[in-house]
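The primary structure of each chain is shown beneath.
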Amino acid sequence: MSNDGVRVRFAPSPTGSLHVGSARTALYNYLFARHHEGVMVLRIEDTDLKRSTSAHDASIIRDLAWLGLHADEGPNTGGAFGPYRQSERAGIYEEAVQRLLAEGWAYPCFCPQELLDERKQQQLARGQMPKYDRTCLALTPREIEARLAAGERAAIRFRVPVGDVTFVDLIHGPITFSSDVIGDFIIKRTDGGYSYNFAVVVDDASMKITHVIRGEDHVTNTARQMMLFEALNEPAPRYGHHSLILAPDGSKLSKRHGATSIGDFRKMGYLPAAMVNYLVLLSWHPADEREKFSLDELVAEFDLERVSRSPAVFDVQKLNWLNGLYIRELGVSELQDLIAPHLAEAGMEFAPVQRETVAEAVQANLVVLGDAPQYASVFTDRVDLASCPCSEGLFTPGADVVFALAREVFGTMSAEYLPPPQAKELLMQVVALAKERGIKGKSVYHPLRVALTGREEGPELFYLIGGLGKTVLIARLEEAAAYVVERGPKQGVDS
RNA sequence: GGCCCGUUCGUCUAGCGGUUAGGACACCGCCCUCUCAAGGCGGAGAUCACCGGUUCGAACCCGGUACGGGCCA
C-alpha cells in the first residue's frame, strides 16, 4: 500500500507525566511515521486549563526525547502547521465553529444543564438511550438572536446526520456505528471552551494528519470525529486503535499498581532501549520469533497489521529481562557513567580506577541501574567476621597459608587500586603459590572471598582485589588471619 | 442501560481449515563456576472462554452465551 506523505500525530494532555500506555501510543506513531518516511507531529492537548501544567508539558517532551521518539513538528521543534498547543489555537476552532454554524451543521443550544440532566433521567427511567432531544434545533434565527441579545449563554451543538458511520480500522478491520445512538453533541461549551472531539478534528484536519494511531478508548469517538470531518468538508484520516495496557490483576493500569510513568522507570534505572523494546512487544510481534529490537530495526519492520487486538497485561518480569539484556550489552565506560548517579545517591564514592572495576563487577547482576549500590556494597561495606555466619569458611584447611601468601602478593601492589587485568594477574600469582603448597580450587578462592568481603557470594575475586584497595586488602587478610588464630580451627564449625 | 472492542500455557504472543498448537518471560532441573549472577542445555506448563452450526476435517469460518474492557451519559 502506498502511504505517500504520511503524517501522524501524538497528542498527549499535559495533565500528568508520560504514562507507559501513552508512550506506547507515541512509539507506534513514531514507528509508523518513520517506516513510511512520514512525519510525526507532537501536539499538546492542553485545553483542560485546570489540570494542564507546563511542568507536565515539559516532562512529557523530555521523556519522549529520552525514549528517542523525536517528533518532526511540535511546540519545541516548530513546523508549518502550528501552533502545536491547543491552548494557542482558539482562533482556529472559532473559525470552524462559525463555518459549521453558517452552513447549518451546528446550532446554538440554550438548554440549562439542570433541564438536560432531568431529561436524561427520564429517558433512562424509560429505558431509553440518553440523547439530546433537539429542543433548540427548533429555534428560529429571530428567537436565537433575541435570547442572545438578552444575555443568555448558548452552547453550540453539532447536528448529527442520519446514517451509519463505517470505517476500516487499521488494526481491527471494519467497524460500524449507527448514528441513531449519537445525540447532537456539544462542540463549544457555554464557558467558551471547545469540546475534545471538535478540537481534535479541527487540528487533525488543519495539520493534514493522514493516520491516527491511538488507544482503543477512542474508538467510539471516531464516529463523531468522522462526522465532523465530513461537515468540515475535509478528508478524514485513517484510524488505527490499539488495545490498552492492563495491570496484572486485569484492571486498568494505574498508579496503585506501582510504577506506571516513563519517568518512574527512568529513575529506577531502566534503559530507554529496553523500555522501547518491551513496549513494542506488548502487542506487536514480528513475522519471525525474534524478541530483541533496536529502534532502527523496529522502524524497518513495524507494521500495524501485526499489532494484536487484545489488551495486554504489563509484566515487569519481562521488562526486567530485557533491561538486563541491554545492560549487559553496555560498554564499561558507558555503564560506569550510567550507574554513577545511583551510586552517588547511595552515598558511595569511588576512585577513578575503582569505577571501572565496580561497573564491570556489577554488570551481570544488574536488573536495573538502580541495583548498582546493592551490588557495589561489597566494595564499601565494613566486614565483621565475628557476626558473619560464613566465617566458618575461614577455617578451611590451608586457609591460613592462603592468607599469608595473599598478604605477600598484595604487598607488591604498585598502586592502591588496580584495573581488572592486573588484579587478575595478582590473583593468579596467589593461586599458583597456593598450588605449590598443595592448596587449590575452592580451598583458596572461598576463604579468600570470606576474608576479603565477609560474604560468601559476590563478583569474581579479581574485581575485589583490584577494587577494594591495597590498604583494605591487607588489613582484612590480617584480620582474618588473627581471627583464625584467636578462634582456633574448630571454632565456628559446631556453632 | 445502549453501542463498540476483545477472549490461545501464570504473563506477552505465533497461528490466518489438516501443526506432536510454535516462541519468549517467569518457574523447575542440569551444565559451567570459589560464590552470587550472567551464559548454555533441557523440562513442566494451553481440553485454544463456553455452546451450537458450516465442513470429510475448526484455535482458525458463522451464530449465540458468558466473562473482561472501552465509550456515551
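Remember, predicted model here, so these are calculated numbers, not experimental data.

Criteria and cut-off values
- Residues numbered from 1 in each chain as written.
- Chains lettered and ligands numbered in written order.
- Predicted model: local features only at pLDDT ≥ 70, side-chain atom pairs only at ≥ 80, totals over all residues.
- Heavy atoms only, no water.
- Helix = DSSP H or I, 4+ residues; strand = E, 2+ residues; numbered from the N terminus.
- Rg over C-alpha atoms; globule rule 2.2 N^0.38 Å.
- Buried < 20%, exposed > 50% of the residue type's maximum accessible area, 1.4 Å probe, protein only.
- Areas by Shrake-Rupley, 256 points an atom, 1.4 Å probe, with all protein chains shown as cover.
- Contact = heavy atoms within 4.5 Å.
- Axes fitted to C-alpha atoms, helices over the stretch in contact; angles between N-to-C directions.
- Parallel < 35°, antiparallel > 145°, perpendicular 65-115°, else oblique.
- Left-handed = near helix turned anticlockwise from the far one by under 90°.
- Near = heavy atom within 4 Å.
- Polar contact = N/O pair within 3.5 Å; in protein donor to acceptor, adjacent residues only side chain to side chain.
- Expected span 1.5 Å × (residues − 1).
- Arc of directions from axis to C-beta.
- 1 Å grid on protein atoms, 1.4 Å probe; cavity = no way out; pocket = protein on both sides within 12 Å on 5 of 7 lines; lining within 4 Å.
- Points joined across faces, edges and corners; volume = space filled by probe spheres on them.
- Nonpolar A, V, L, I, M, F, W, Y, C, P; charged D, E, K, R; others polar.

### Considering the overall build of chain A
Line of reasoning, step 1. Broken down by element type, chain A carries 19 helices and 11 strands.
Line of reasoning, step 2. Scaling as 2.2 N^0.38, a compact globule of 495 residues should have a C-alpha radius of gyration of about 23 Å, whereas chain A reaches 33 Å, well beyond that.
Line of reasoning, step 3. Dimensions of chain A, computed from the C-alpha atoms along their principal axes, are close to 110 × 50 × 35 Å.
Line of reasoning, step 4. Within chain A, buried positions represent 48% of all 495 residues.
Line of reasoning, step 5. For chain A, the computed accessible surface area is about 23500 Å², with 52% contributed by carbon and sulfur atoms.

### Description of the environment of L148
Line of reasoning, step 1. By the secondary structure assignment, L148 is in helix 5 (residues 141-149).
Line of reasoning, step 2. Sequence spacing of L148 and K292 is 144 residues, and the spatial spacing of their C-alpha atoms is 62 Å.
Line of reasoning, step 3. Not counting residues within four places of it along the chain, the set of residues in contact with L148 comprises F110 and A154.

### Description of the packing of helix 13 (residues 352-362) against helix 18 (residues 461-468)
Line of reasoning, step 1. Taken N-terminus to C-terminus, the directions of helix 13 and helix 18 make an angle of 155°; their axes are 9 Å apart at the nearest point. If you check the angle between helix 13 and helix 18, you find them roughly antiparallel. Remark: the crossing between helix 13 and helix 18 carries left-handed chirality. Where helix 13 approaches helix 18, its residues Q354, T357, E360 and A361 are matched on the opposing element by Y463, G466 and G467.

### Observations regarding the protein's contact with RNA strand B
Line of reasoning, step 1. Around RNA strand B sit 42 residues, and of these K120, T220, L282, A364 and G458 come closest.
Line of reasoning, step 2. When the atoms of RNA strand B within 4 Å of the protein are sorted by group, sugar and phosphate make up 78%.
Line of reasoning, step 3. E291 has a polar side-chain atom sitting 2.9 Å from a sugar or linking oxygen of RNA strand B.
Line of reasoning, step 4. Looking at the surface near RNA strand B, the elements that each hand over two or more residues are strand 6 (173-178), helix 7 (219-231), strand 11 (312-313), helix 11 (316-329) and helix 17 (442-453).

### Observations regarding helix 15 (residues 399-410)
Line of reasoning, step 1. End to end, helix 15 covers 16 Å across 12 residues, agreeing with the expected 16 Å (1.5 Å per residue, within 8%).
Line of reasoning, step 2. Within the sequence span of helix 15, burial applies to A399, V402, F403, L405, A406, V409 and F410. When helix 15 is viewed along its axis, its buried side chains cluster within an angular range of 170° and face the same direction.
Line of reasoning, step 3. For helix 15, the secondary structure elements touched by its buried residues are helix 16 (420-436), helix 17, helix 18 and helix 19 (470-487).

### Section: the side chain of S243
Line of reasoning, step 1. Tracing the backbone shows S243 in the loop between strand 9 (238-242) and strand 10 (245-246).
Line of reasoning, step 2. Overall, S243 belongs to the buried group, its relative accessible area being 0%.
Line of reasoning, step 3. Looking at S243, its side chain comes within polar contact range of the main-chain oxygen of S310, at 2.9 Å.
Line of reasoning, step 4. If near-sequence neighbours (up to four positions away) are discounted, S243 is found in contact with R24, E216, S283, S308, R309, S310, P311 and A312.

### A closer look at the environment of L228
Line of reasoning, step 1. When you line up the elements, L228 lands in helix 7.
Line of reasoning, step 2. As for L228 and A90, which are separated by 138 residues in sequence, their C-alpha atoms are 17 Å apart.
Line of reasoning, step 3. Setting aside anything within four residues of it in sequence, one finds L228 in contact with F158, F185, I187, N197, F198 and V201.

### Things to note about the layout of surface pockets
In this approach, a probe sized like a water molecule rolls over the atoms, and the result shows the empty space that is left.
Line of reasoning, step 1. Of the voids in this model, the largest pocket is the one considered here, and its volume is about 1200 Å³.
Line of reasoning, step 2. Taken together, 42 residues make up the lining of the largest pocket; nearest its centre are S13, H19, S22, D217 and H218.
Line of reasoning, step 3. Elements represented by at least two residues in the lining of the largest pocket include exactly strand 1 (7-10), helix 1 (20-35) and strand 8 (211-215).
Line of reasoning, step 4. Element by element, the count of residues in the lining of the largest pocket is highest for helix 1, at 5 residues.
Line of reasoning, step 5. Grouping the amino acids of the lining of the largest pocket by side-chain chemistry returns 11 nonpolar, 20 polar and 11 charged.
Line of reasoning, step 6. By volume, the second largest pocket amounts to about 440 Å³.

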